[in-house]
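# Descriptive structure summary
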Amino acid sequence: MVVQVGEASPAEKSGIKPNDVIVEIDHKQIKTNEELINAIGLMKPGTHTTLALYREGKKVTVEVTIGDWPGSKDLANEGKEQSGKPANGFGLEMSLVKQ
C-alpha cells in the first residue's frame, strides 16, 4: 500500500495517491514491495507503462512514466529520507498489506 507520495515525484505526476494498493505493473502481478521496486528498477527512465491498483475498493489503471529522482542512488543506499521525500527513488513510500 502506498503510504506517501513525494511532491513533484514521478508517482505524483502519474496520479498515484496514498492508500493506493498497486497490484500490477506492465500487466504483471505484483505481490510484494520488493517485486514492485525491482520491476521499476529494471526500467529505464522515460519508459511508459501501466500500473493496476486498487483505490477505495475499485480497480484503477494508471499510465506512468518511469523517472529519475534526483539523488535517488544515494538515498536508496542510505535508506533515509531527505527534505520529506520518500527514500526509494520512485517518489513512493509503501507498506505491506495483510491479506
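Residues numbered from 1 in each chain as written. Predicted model: local features only at pLDDT ≥ 70, side-chain atom pairs only at ≥ 80, totals over all residues. Heavy atoms only, no water.

Counting through the fold element by element, Pro 45 comes out in the loop between helix 2 (33-41) and strand 4 (48-55). For the pair formed by Pro 45 and Thr 65, sequence separation is 20 residues and the distance between their alpha carbons is 7.5 Å. Excluding its chain neighbours within four sequence positions, the residues that come into contact with Pro 45 are Ile 66, Gly 67 and Asp 68. (Helix = DSSP H or I, 4+ residues; strand = E, 2+ residues; numbered from the N terminus. Contact = heavy atoms within 4.5 Å.)

By the definition in use, this model includes three salt bridges. Salt-bridge contacts for Asp 20 lead to Arg 55; the nearest nitrogen and oxygen are separated by 2.7 Å. With Asp 20 in the loop between helix 1 (10-13) and strand 2 (21-25) and Arg 55 in strand 4, the pair connects residues that are 35 residues apart, well separated along the chain. Each member of the pair Asp 20 and Arg 55 is classed as buried. In this structure, Asp 26 engages Lys 28 in a salt bridge whose closest nitrogen and oxygen atoms are separated by 3.9 Å. By relative accessible area, Asp 26 is classed as partly exposed at 35%. (Salt bridge = Lys/Arg side-chain N within 4 Å of Asp/Glu carboxyl O. Buried < 20%, exposed > 50% of the residue type's maximum accessible area, 1.4 Å probe, protein only.)

Turning our eyes to something else, we now look at the confidence of the model for the protein. Put simply, the protein has an average pLDDT of 78, and 69% of its residues get 70 or more. Of all secondary-structure elements in the protein, the lowest mean pLDDT belongs to helix 3 (residues 72-78), at 46, while strand 3 (residues 28-29) reaches the highest, 96. Segment residues 74-89: pLDDT under 50, and 23 contacts once partners within four positions in sequence are set aside and those in other chains are kept. (pLDDT = per-residue confidence, 0-100.)

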